[in-house]
Amino acid sequence: MGIVVVEICDGSLITEIDVENILETEFPEVAVIESSCLSFCGMCAKRPYAIVNGKRIFAKTTVECLEKIRDNIKEELAVLMG
């Protein structure tokens, strides 16, 4: 299990890409957890989003969202690793 947890809803538009494989390969410290629902009703169908260590990250496009997720992971790692 990673020290940074990225949660994604299996109904989210972010699942258009293989987020789990991309992030866990790029960041060994990350664990991606896919759930059937993250309780943000309706958001998953409107725009790509994920939750990084409890913080909701969203964007207009999947590519933009993935970049924001990466940036957030880097910020989390910087804090956690000192």
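Residues numbered from 1 in each chain as written. Predicted model: local features only at pLDDT ≥ 70, side-chain atom pairs only at ≥ 80, totals over all residues. Heavy atoms only, no water.

(A) Structural detail: the environment of Val6. Residue placement: Val6 occurs in strand β1 (residues 4-9). Val6 gets classed as buried once you look at its relative accessible area, which sits at 0%. Once residues within four sequence positions are removed from consideration, Val6 is found in contact with Leu23, Val30, Ala31, Val32, Ile33, Ala50, Ile51, Val52, Ile69 and Ile73. (Helix = DSSP H or I, 4+ residues; strand = E, 2+ residues; numbered from the N terminus. Buried < 20%, exposed > 50% of the residue type's maximum accessible area, 1.4 Å probe, protein only. Contact = heavy atoms within 4.5 Å.)

(B) Structural context of the sheet that holds strand β2 (residues 30-35). Across the sheet, 4 strands lie side by side as β2-β1-β3-β4; this open sheet has mixed pairing. Each edge of the open sheet is held by one strand with a lone partner, namely β2 and β4 (55-58). Taken pair by pair, the neighbouring strands of this sheet meet at an average axis angle of 25°, ignoring direction. As judged from the 4 bridges shared by strand β3 (residues 49-52) and β4, these two strands associate in the antiparallel manner. Counterpart to Ala50 in the pairing with β4 is Ile57. Docked against the sheet, helix α1 (residues 19-26) engages β1 and β2, running at close to 165° with respect to β2. Sheet strands in contact with helix α3 (residues 62-81) are β1, β2, β3 and β4, and its direction is about 150° off that of β4. (Pairing = 2+ DSSP bridges. Axes fitted to C-alpha atoms, helices over the stretch in contact; angles between N-to-C directions.)

(C) Geometry of α3. If you check α3, its first and last C-alpha atoms are 28 Å apart, about what 20 residues at 1.5 Å a residue would give, namely 28 Å. Along α3, the positions that sit buried rather than exposed are Thr62, Cys65, Leu66, Ile69, Arg70, Asn72, Ile73 and Leu77. Of the surrounding secondary structure, the elements contacted by the buried residues of α3 are β1, α1, β2, β3 and β4. Following α3 by one or two positions, Gly82 has its phi on the positive side, about 75°. (Expected span 1.5 Å × (residues − 1).)

(D) Layout of the side chain of Asn72. Note on placement: Asn72 falls in helix α3. With relative accessibility at 8%, the residue Asn72 sits in the buried group. Ignoring sequence-local partners within four residues, the contact set of Asn72 consists of Val52, Lys55 and Ile57.

(E) The arrangement of the nonpolar core in detail. The biggest cluster of nonpolar side chains holds 18 residues, and the ones touching the most others in it are Val6, Ile8, Leu23, Val30, Val52, Ile69 and Ile73. Sorting the residues of this core by element identifies β1, α1, β2, β3 and α3 as the ones contributing at least two each. Sorting elements by how many residues they give to this core places α3 first, with 5 residues. Apart from the residues within four sequence positions on either side, Ile73 is in contact with Val4, Val6, Leu23, Phe27, Val30 and Val52. (Core = buried A, V, L, I, M, F, W, Y, C linked by side-chain atoms within 4.5 Å.)

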